[in-house]
Amino acid sequence: MIIRLDKYLADMGIGTRSEVKADIKKGKININGIVVKDANLKIDTDKDKVLYQGNPIVYEEFEYYMLNKPAGVVSATTDKNDKTVVDLITSKKKKDLFPVGRLDKDTEGLLIICNDGELCHNLLSPKKHIDKTYYVCLNDTLSKEAEDRVCKGVYIEKDVMSMPATLERITDDKVYLTIQEGKFHQVKKMFHGVGLEVTYLKRVSMGGLKLDERLKEGEFRPLTKEEIEYLKGVNHD
Ligand code: URA
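No experiment lies behind these values; they were computed from the predicted model shown.

Quick notes on the rules
- Residues numbered from 1 in each chain as written.
- Predicted model: local features only at pLDDT ≥ 70, side-chain atom pairs only at ≥ 80, totals over all residues.
- Heavy atoms only, no water.
- Buried < 20%, exposed > 50% of the residue type's maximum accessible area, 1.4 Å probe, protein only.
- Helix = DSSP H or I, 4+ residues; strand = E, 2+ residues; numbered from the N terminus.
- Arc of directions from axis to C-beta.
- Contact = heavy atoms within 4.5 Å.
- Near = heavy atom within 4 Å.
- Polar contact = N/O pair within 3.5 Å; in protein donor to acceptor, adjacent residues only side chain to side chain.
- Nonpolar A, V, L, I, M, F, W, Y, C, P; charged D, E, K, R; others polar.
- Domains from an automatic or database assignment.
- Buried area = accessible area lost by both parts, 1.4 Å probe.
- Pairing = 2+ DSSP bridges.

## A few points about helix α6 (residues 225-233)
Within α6, burial applies to E227, I228 and L231. The buried residues of α6 occupy an angular sector of 100° when the element is viewed end-on, so they sit on one face. Summarising the geometry of α6, the exposed residues directed more than 90 degrees from the buried face are K225, E226 and E229. For α6, the secondary structure elements touched by its buried residues are β7 (64-69), β9 (108-114), α3 (117-124), β15 (198-206), β16 (209-210) and β17 (220-222). Looking at the residues trailing α6, positive phi occurs at N235, about 45°.

Quick look at the structure:
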């Protein structure tokens, strides 16, 4: 990829465009062994070796994070009233990060935050049938009959039936539910369809990627190379 030097540095979180321009003028940048003072210089991200104050700056087009979303934060990039999941990624370099899908404001758990539109599309496209597993607490006992209905399909709206799901019981009123859909309030509506209310909801895995249990609510970490490669390969047709 060919990119202007000032954009290269700003994209990698060195500073704003004007800050990095000032740094460039001050001679803080070395490219392939030569001090460079031209912010317009075109950099080949595959070949050129860029140093900032002696430290190598490797260009990465995409950033990928796993967030343990806390309740009270909205799944959006910006919001007038509430903190967003992107605001929580304090170490981000890129300004174009977004959440891969949505969790309700009161839902917790695994959310991938990245700037890779293709990966996002692959994980969210209904055609890809990506599994999403939720830990669900209910307001009352789930009967065997209600469990069967949730698994086979239940009306979540007038004329809209949920697709088959799998359910693992933990106790009478706590379950793991795995679904491949992601409609608005999907899990809450599925249980509502059998007369129950969800009192707590947490996503624990997506596409086979499990929430890292070391992440406390609100904490995040970059995805590993292996996790990124794994997600890119999930259900690719
Ligand atoms: N289903 C819901 O009802 N809410 C979520 O946040 C995710 C799935």
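Now that the structure has been shown, we can carry on.
## Some thoughts on the site of the ligand
The local shell around the ligand consists of L103, D104, T107, Y134, H185, Q186, V187, K188 and L201. One nitrogen or oxygen atom from the main chain of D104 is found 2.7 Å from an oxygen atom belonging to the ligand. The biggest single contributor to the shell around the ligand is helix α5 (residues 186-192), with three residues. The class makeup of the residues in the shell around the ligand is four nonpolar, three polar and two charged. A domain split of the shell around the ligand shows at least three residues from each of domain 2 (64-126 + 209-234) and domain 3 (131-206).

## A few points about the domain arrangement of the protein chain
One can read the domain layout of the protein chain as domain 1 (2-56), domain 2 (64-126 + 209-234) and domain 3 (131-206). Between domain 2 and domain 3, the C-alpha centre-to-centre distance is 22 Å. On the domain 3 side, the residues contacting the 17 residues of domain 2 number 11 residues. In total, domain 2 and domain 3 occlude about 1,100 Å² of area from one another, counting both sides; carbon and sulfur atoms represent 47% of this.

## Overview of the pairing of strand β10 (residues 132-138)
Burial analysis of β10 places six of its seven residues in the buried class, the great majority of the element. Inspection of the sheet shows β10 paired to strand β14 (residues 174-179) by six bridges, in the antiparallel sense. Among the inter-strand pairings, C137 is bridged to a residue of β14, identified as K174. As defined by bridge partners, β10 adjoins β15 across seven bridges and the pair is classed as antiparallel.

## Quick look at unusual backbone geometry
One non-glycine residue with positive phi stands out, namely N32, at about 50°. Relative to the assigned elements, N32 resides in the loop between β2 (29-31) and β3 (34-35). A positive phi angle, near 50°, is found at Q53, a position not held by glycine. Secondary-structure assignment places Q53 in the loop between β5 (50-52) and β6 (55-56). Classification of Q53 as partly exposed rests on a relative accessible area of 47%.

## Notes on the side chain of S75
Within the element layout of this structure, S75 appears in the loop between β7 and β8 (98-99). Since its relative accessible area comes to 9%, S75 is described here as buried. One polar contact links the side chain of S75 to the main-chain carbonyl oxygen of L103, over a distance of 2.8 Å. In this structure S75 touches K69, V85, P99, G101, R102, L103 and L111, once residues within four positions along its chain are discounted.

## Notes on helix α2 (residues 17-25)
Regarding α2, the residues found buried are V20, D23 and I24. Down the axis of α2, the buried set is contained in an arc of 100°. They therefore lie on one face. In α2, the exposed positions that point more than 90 degrees away from the buried face belong to S18 and K25. Where the residues of α2 are buried, they touch α1 (5-11), β2 and β5. Immediately beyond the C-terminal end of α2, within one or two residues, lies G27, with a positive phi of roughly 80°.

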